[in-house]
Amino acid sequence: MADLAKIVEDLSALTVLEAAELSKLLEEKWGVSAAAPVAMAMPAGGGAAADAAPAGEEQTEFTVVLTDGGDKKINVIKEVRGVRSDLGLKEAKDLVEGAPQNVVENVSKQQAEEIKKKLEEAGAKVTIK
């Protein structure tokens with residue numbers, strides 16, 4: 001148990017860059033990706049069931065989908081980072097270049113419209129589902 005406490009203490013002392021490097025090394029070593037559990041968890045959070053709301057029920061949660069990064073990708077990357085503070089520069093760049101990609105999920109209609117407007121003003125093509 002003392003060894004586990006030491007590992008937790010050591011991990012807590014890592015900088016963000018060191019933690020990112022550790023994540024990359026673990027992914028290479030064990031052949032896993034930190035993104036896989038997130039992708040698997042999405043359907044449980046609503047997924048297709050939320051997209052196909054039964055007749056009579058109004059959709060309350062929306063997904064903003066970046067369909068094309070456009071010609072001004074740097075501006076779009078900046079806006080994506082503004083919307084998704086959890087993404088670093090590389091992750092935001094990968095999201096924009098990998099379009100179509102979900103930018104945010106399970107947000108209100110008003111939030112989705114605001115995000116869409118910001119991204120479109122930056123030069124992206126965006127849809128709301």
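Rules and cut-offs
- Residues numbered from 1 in each chain as written.
- Predicted model: local features only at pLDDT ≥ 70, side-chain atom pairs only at ≥ 80, totals over all residues.
- Heavy atoms only, no water.
- Helix = DSSP H or I, 4+ residues; strand = E, 2+ residues; numbered from the N terminus.
- Buried < 20%, exposed > 50% of the residue type's maximum accessible area, 1.4 Å probe, protein only.
- Contact = heavy atoms within 4.5 Å.
- Areas by Shrake-Rupley, 256 points an atom, 1.4 Å probe, with all protein chains shown as cover.
- Salt bridge = Lys/Arg side-chain N within 4 Å of Asp/Glu carboxyl O.
- Patch = residues over 30% accessible without salt bridge, like charges linked within 9 Å, V, L, I, M, F, W, Y side chains within 5 Å.
- Pairing = 2+ DSSP bridges.
- Axes fitted to C-alpha atoms, helices over the stretch in contact; angles between N-to-C directions.

> What's the story with the overall build of the chain in this structure? I'm lost.
Along the chain, the regular secondary structure elements total seven helices and three strands. Secondary structure elements of the chain occur, N-terminal to C-terminal, as α-α-α-α-β-α-α-β-α-β. Residues counted as buried form 19% of the 129 residues belonging to the chain. Restricting to contacts in the chain with at least 6 residues of sequence separation, those with at least 24 account for 65%. Counting every atom, the chain has about 9300 Å² of accessible surface; 57% of that belongs to carbon and sulfur.

> Where do I start with the pattern of salt bridges in this structure?
Two side chains bearing opposite charge may form a pair once their charged atoms approach each other closely. As enumerated under the stated definition, the model contains six salt bridges in all. Of the charged contacts in the structure, one is a salt bridge between Lys-90 and Asp-94, with a shortest N-O distance of 3.0 Å. Placement of the pair is Lys-90 and Asp-94 together in helix H6 (residues 89-97), with a separation of four residues, close to one helical turn. A relative accessible area of 55% places Lys-90 in the exposed class.

> Mind showing me how you'd approach a nonpolar patch on the surface here?
Taken together, the side chains of Leu-4, Ile-7, Leu-11 and Leu-14 define a hydrophobic patch exposed on the protein surface, amounting to about 340 Å² of accessible area. You can see Leu-4 is positioned in helix H1 (residues 2-12).

> Just to check I follow, could you spell out the side chain of Thr-63 for this structure?
Along the chain, the position of Thr-63 falls in strand S1 (residues 62-68). Of the residues examined, Thr-63 reaches a relative accessible area of 13% and is grouped as buried. Not counting chain neighbours up to four residues away, the residues in contact with Thr-63 comprise Asn-102, Val-104, Glu-105, Asn-106, Thr-127, Ile-128 and Lys-129.

> What is the right way to look at the sheet that holds strand S2 (residues 101-107) in this model?
Backbone-to-backbone hydrogen bonds pair the strands of a sheet. The strands run either parallel or antiparallel. Taken together, three strands build an open sheet; the order of strands is S2-S1-S3 and the sheet is antiparallel. Since the sheet does not close on itself, it has two edges, and those belong to S2 and strand S3 (125-128), each with one partner. Averaged over all adjacent pairs, the angle separating strand axes in this sheet is 20°, with direction ignored. With four bridges connecting them, S1 and S2 associate as antiparallel partners. The residue bridging Val-65 from the neighbouring strand is Asn-102, located in S2. Contacts from helix H7 (residues 109-121) reach S1, S2 and S3, with the element oriented near 170° to S3.

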